[in-house]
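This is what each chain is made of:
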Amino acid sequence: TDDALRQAIAASLADQASQDADDDLRQALEASKQETPSEPPKDIDALTAQERDALTIDQLNGILKEVETTQPMVGERTGVREALGAEYADNPQRGFVEGIARLDETYASLRRIRKDGNCFYRAFLYRYLEELVQRNFDVPRPPTGSGSAGGGCAGLGGIRTL
């Protein structure tokens, strides 16, 4: 009778687990059918925090996709006046357009960089590496050497072993 009881409990638990899995699957299917609306609802305060977060994430992802498709990471070289002249032609500040002309006289070109929070680092490193390539510079490398950790860098003021 103990075996029969164990089998009945196991069968009951298996049926319950199967039913729970089916319920979870149904809920997931229903949730996937209810896609986030393309426009936010009129009453945003009626949404739950989770729904507001989902709308925010969807909006940010849409912006990122648009930026990725419209702005290259690093643009081609263009003349300063060509790049900035049309963009700032109607600037009401006195001397602004003349400043663009002076920049055009001083610098041969500029590159547009995608404005994504890493733009400074990307611009700096891109220009640095571009300059190295143009001048055929080799990047300084520490000499290989004695086999101790950092021993080859000691002459360069690097890591010294004790």
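A quick note: this is a predicted structure, and the numbers were derived from the prediction, not measured.

A. Here's a closer look at the side chain of Arg-122. Secondary-structure assignment places Arg-122 in helix 5 (residues 119-135). Given the relative accessible area of 16%, Arg-122 is considered buried. A distance of 3.3 Å separates a polar side-chain atom of Arg-122 from the backbone oxygen of Arg-114. Those residues in contact with Arg-122, other than ones at most four positions away along the chain, are Met-73, Val-74, Ile-113, Arg-114 and Asp-116.

B. Local environment of the environment of Leu-110. As for its placement among the helices and strands, Leu-110 is situated in strand 2 (residues 110-113). C-alpha separation for the pair Leu-110 and Gly-79, spaced 31 residues apart in sequence, amounts to 6.3 Å. Once residues lying within four places of it in the same chain are set aside, the contact partners of Leu-110 are Glu-76, Arg-77, Thr-78, Val-80, Ala-83 and Leu-84.

Rules used throughout
- Residues numbered from 1 in each chain as written.
- Predicted model: local features only at pLDDT ≥ 70, side-chain atom pairs only at ≥ 80, totals over all residues.
- Heavy atoms only, no water.
- Helix = DSSP H or I, 4+ residues; strand = E, 2+ residues; numbered from the N terminus.
- Buried < 20%, exposed > 50% of the residue type's maximum accessible area, 1.4 Å probe, protein only.
- Polar contact = N/O pair within 3.5 Å; in protein donor to acceptor, adjacent residues only side chain to side chain.
- Contact = heavy atoms within 4.5 Å.

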